Every structure is written in structure tokens, then in C-alpha cells.
Amino acid sequence: MELRTCAARSSASPSSGRGAVPSPRLLSRHIWSRSAHCTASTPSNPVARRSRFSTLSLMTTAYNTGPPDLVDFNWDALGFQLVPTDFMYLMSCSSDGVFTNGKLVPYGPIELNPAAAVLNYGQGLLEGLRAHRKEDGSILLFRPHENALRMKIGAERLCMPAPSVEQFLEAVKLTVMANKHWVPPFGKGSLYIRPQLIGSGAILGVAPAPQYTFVVFVCPVGHYFKDGLSPISLLTEEEYHRAAPGGTGDIKTIGNYASVVSAQRRAKEKGHSDVLYLDPVHNKFVEEVSSCNIFMVKDNVISTPLLTGTILPGITRRSVIEISQNLGFQVEERLITIDELLGADEVFCTGTAVVLSPVGSITYRGRRKVLQPNYLFFSSCAI
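With an unreviewed UniProt entry as reference, the protein chain is termed Branched-chain-amino-acid aminotransferase, source organism Miscanthus lutarioriparius. Taken from UniProt, the Sequence similarities (unreviewed entry) comment for the protein chain reads in full: "Belongs to the class-IV pyridoxal-phosphate-dependent aminotransferase family."

Right, here's the structure in full:
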């Protein structure tokens, strides 16, 4: 088996193809499938703070697996639900804070003490990345180093030991290869990879757990939103907030997701795809959607909310910024008011689960703003 780490580069010029109106698949194809011009680039300090995310090159990792031998499955009906696969990866932390003895085990329940820190106090992190099947049958991962680094940053914030970058990558590699028959055919979906770091040790008082467990499981998935790549509808939330200044909104802790379920359910009951959150101080600056980051395009300038500590530094977000700049677009990371967003020429969301999703409407205070995605940005990413 051959492992290859590559830096993806755009071959499009800044002015190429902007008049066309292609499918948003073009950008996702560009992001997920470029594997030429191999170089290696990783920060020397794997525990670098968030500013180091901007220095990482656009990395993909490819596995040559030979002709695909797929499970008997209706790939055309694949959605974004749990489909149990064959194996998962488990690794425990010793008393000195070092993770050792990782191994593949059959997919299934894991045993936890009722007093486990993750169950009582939410001491846990998760990550998300995808494995894609290429046309030649090989399997491609997108920037897995960044997921490893982001987990280390989150672990530091929650006073948890974390696997090394090398351990993280090896665990992901072994889990994907053990379940390679579940990687959907080219163009039919992807294998979603869920690494978890949890405080598995028993503890009664509020304090770091005495033991930790690292888990990786996988699941074949299709589109995150039920209408696939159709433009999504967002409902602006003003009563609830996803995160607060000084909190944990900028790390991928498990508690960030339970708190959005109520608002998200209410939005879906009203026919919307997801919730758009505003800042918790002024209630007017756009932050992010419950499942993804958000971008706007206005007068050929691409803007996204500034990372102020309440927004997750998305890996797809960072990649879109880098690709945009490489293509010659002006990109701004700044505070964006909801009124500015409603006046945008185009709005789209980014994330590992949603990949890139155009926004078709935003509802704010009972007023629905309809947007007509023209894929200005997507069109320049055709290769």
C-alpha cells in the first residue's frame, strides 16, 4: 500500500471562467481530488495555537488500494445517517499521559463507568473528516494533519492529553483501510471519519479525568442536507446563541453540539435547512451556522466572519480562503452584520459534513431574503 501526501494547487488563473455558471460540485471536486505536485509541509510545533492554521499548505493524503471490492449496498440511496461498518480503532492513555497500544476492534459499544468524566462533565472532543474514492479506485483524505492539530488544540483547552499527530494519522489510516469496502464508489458519497477523544476515567468532582480513550469510527454518507446540492434555507436565531466569549466555541468539544439541537429542530419544523447564529453580545454580527461556517460574496469580494473565539476554525473554511486567494480573489475575515449578509450577492456555507452548500434564502425577523446563487466563486475553481 502506497501512502502519498500532496499539496493541492490550482491551475486556474484568477480571471478564468468567471462568466460561466457551473455546478458547485466544481469547487468540491477541486478541493477533494487534487493530488499532484507532491510536497510535504507540516508546522514544526504540532501544538501551535490557532494562528498556525493559516500557515498549513493544502494537503491531501492518497491510498492506493487496488480495484475496489465494495460491500453490497444501495449507494444511490445513501444519506447522512449512521450505517454501522466493520471495524473501529481504540487507544487508551496511560497514567503518565501517553497514548499507547492502539488497535482495531469490531465496531460496537464501548464500556464506560457511569462516573466517566465525559458522561458527567462533557470532557470530550470530536473531529470529522472524509475519505473519498477516486476514479481510479484509490482513496483520498483531505488535510488530515489539520484535524490532528485541531484536536491537540482542543485537548489543551480541556486539560486532556491527546494523541500525537502521527498517532492520529495512523489511527485514521488503519480505520479507513480496515473499512475500505465501505468507501462509496466515485461520485456516490464518501466515508465519514469520526475521531473522538473522551475522558473515560471515573471521577466525582469537577476535574480532569484520570484516564482517556481515543476512538475512531467511520460511516458511509451522502449529502448532509436532504436536498443535496440544492440551495439551503437558513433561519436566523436571536434567542439562543451557539457560544459565548471566553467559552469553548472555537474548539470542537461535544457540548457545542447538544446546545444547538433545540434551535435547529425549531428551524426545520418551519421548513428551513439550518440555523444561522448571531453574536451573543450585540446580537447583530453573523457567527456561523450550527453545522458549518458561512461566507458571503459582494462586488467580487469574498468575506467570512472573523475568528474571535466563538467560531470554530473550520478546515474547509481555511481551505476556501486559501484557494480564493490563490485564484486572485480579495478575501476578508471581518465582522459581518446580518444586514450586510442580507445584501450579499451570494452566500455559501462550508464544512466537512456540508462540504460547500449554496444558500438560497435567509429569514431574519420574519423577513425572508431570497438569494440566487450564481456560483461566482465556484466558477473560477473549474480545472
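Let us keep going from here.
Caption draft 1: A look at the overall build of the protein chain. Looking only at helices and strands, the protein chain has nine helices and 18 strands in total. Looking at the protein chain as a whole, 55% of its 383 residues are labelled buried. Across the protein chain, every contact between residues at least 6 apart in sequence was considered, and the portion connecting residues at least 24 apart equals 73%. For the protein chain, the exposed surface amounts to about 16300 Å²; the carbon and sulfur share of it is 52%.

Caption draft 2: Representation of the packing of helix H3 (residues 144-157) against helix H4 (residues 165-178). H4 packs onto H3 with a crossing angle of 125° between their chain directions and a minimal axis gap of 9 Å. When the interaxial angle is binned, H3 and H4 end up oblique. Relative to H4, the crossing made by H3 is right-handed. Between H3, through Pro144, His145, Asn147, Ala148, Leu149, Met151 and Lys152, and H4, the contact on the second element is made entirely by Val165, Phe168 and Leu169.

Caption draft 3: Region of interest: the nonpolar core. The biggest cluster of nonpolar side chains holds 41 residues, and the ones touching the most others in it are Leu125, Val176, Ile193, Leu197 and Phe214. Residue assignment for this core shows that the elements contributing at least two residues are strand S3 (87-93), strand S6 (129-133), strand S7 (139-142), H3, H4, strand S8 (190-198) and strand S9 (213-221). Per-element tally for this core: the top contributor is H4, with six residues. Non-local contacts of Val176, meaning those with residues more than four positions away in its chain, are made with Ala131, Ile139, Leu141, Leu191 and Ile193. Counting residues in hydrophobic clusters, the runner-up holds 22 residues, among them Leu278, Val289, Ile338 and Tyr364.

Caption draft 4: Highlighting the confidence of the model for the protein chain. Of the residues in the protein chain, 80% have a pLDDT of 70 or more, and the chain-wide mean is 84. Between residues 1-58, whose pLDDT stays under 50, and residues either more than four places distant or in other chains, the model counts 139 contacts.

Caption draft 5: Looking closely at the pattern of salt bridges. By the definition in use, this model includes 14 salt bridges. As a salt-bridge pair, Glu238 and Arg365 come within 3.1 Å of each other at their nearest N and O atoms. With Glu238 in the loop between strand S10 (232-237) and helix H5 (255-258) and Arg365 in the loop between strand S17 (355-364) and strand S18 (367-370), this pair connects stretches of sequence that are 127 residues apart. For Arg365, a relative accessible area of 63% puts it in the exposed group.

Caption draft 6: Focus on H4. Here H4 is 14 residues long and its end C-alpha atoms lie 20 Å apart, about the 20 Å a rise of 1.5 Å per residue gives. Counting buried positions along H4 yields 10 of 14 residues, so the element is predominantly enclosed.

Caption draft 7: Expanded view of the side chain of Thr213. Among the secondary structure elements, Thr213 is positioned in strand S9. On the basis of relative accessible area, Thr213 is assigned to the buried category, the value being 13%. Here Ser200 takes part through its side chain, which lies 2.8 Å from a polar atom of the side chain of Thr213. Among residues more than four places away in sequence, those in contact with Thr213 are Leu90, Met91, Ser92, Phe99, Gln196, Leu197, Ile198 and Ser200.

Caption draft 8: Representation of the packing of aromatic side chains in the model. Enumeration according to the criterion identifies eight aromatic pairs in this entry. Here the aromatic rings of Tyr224 and Phe225 are separated by 5.1 Å at their centres, their planes lie at 85°, and the arrangement is edge-to-face. Since its relative accessible area comes to 8%, Phe225 is described here as buried. Through pairs of rings, three or more aromatic residues link up here, namely Phe80, Tyr192, Tyr224 and Phe225.

Caption draft 9: Here's a closer look at the environment of Leu342. Relative to the elements of secondary structure, Leu342 occurs in helix H8 (residues 338-342). Along the sequence, Leu342 and Tyr364 sit 22 residues apart, while their C-alpha atoms lie 8.8 Å from each other. Apart from residues no more than four positions distant in its own chain, Leu342 is found in contact with Ile362, Tyr364, Arg367 and Lys369.

Caption draft 10: Region of interest: unusual backbone geometry. At Arg143, a position not held by glycine, the phi torsion is positive, near 50°. Relative to the elements of secondary structure, Arg143 occurs in the loop between S7 and H3. On the basis of relative accessibility, which here comes to 1%, the residue Arg143 falls in the buried class. Although it is not a glycine, Asp299 sits at a positive phi angle of roughly 55°.

Caption draft 11: View of the environment of Phe186. Assignment of secondary structure puts Phe186 in the loop between H4 and S8. For Phe186, a relative accessible area of 47% corresponds to the partly exposed category. In this structure, Phe186 is in contact with Arg133, Lys134 and Glu135, ignoring residues within four places of it in sequence.

Criteria and thresholds
- Residues numbered from 1 in each chain as written.
- Predicted model: local features only at pLDDT ≥ 70, side-chain atom pairs only at ≥ 80, totals over all residues.
- Heavy atoms only, no water.
- UniProt positions renumbered as here; feature names shortened; annotations may be inferred.
- Helix = DSSP H or I, 4+ residues; strand = E, 2+ residues; numbered from the N terminus.
- Buried < 20%, exposed > 50% of the residue type's maximum accessible area, 1.4 Å probe, protein only.
- Contact = heavy atoms within 4.5 Å.
- Areas by Shrake-Rupley, 256 points an atom, 1.4 Å probe, with all protein chains shown as cover.
- Axes fitted to C-alpha atoms, helices over the stretch in contact; angles between N-to-C directions.
- Parallel < 35°, antiparallel > 145°, perpendicular 65-115°, else oblique.
- Left-handed = near helix turned anticlockwise from the far one by under 90°.
- Core = buried A, V, L, I, M, F, W, Y, C linked by side-chain atoms within 4.5 Å.
- pLDDT = per-residue confidence, 0-100.
- Salt bridge = Lys/Arg side-chain N within 4 Å of Asp/Glu carboxyl O.
- Expected span 1.5 Å × (residues − 1).
- Polar contact = N/O pair within 3.5 Å; in protein donor to acceptor, adjacent residues only side chain to side chain.
- Phe/Tyr/Trp six-rings, centres within 6.5 Å; stacked < 30°, edge-to-face > 60°.

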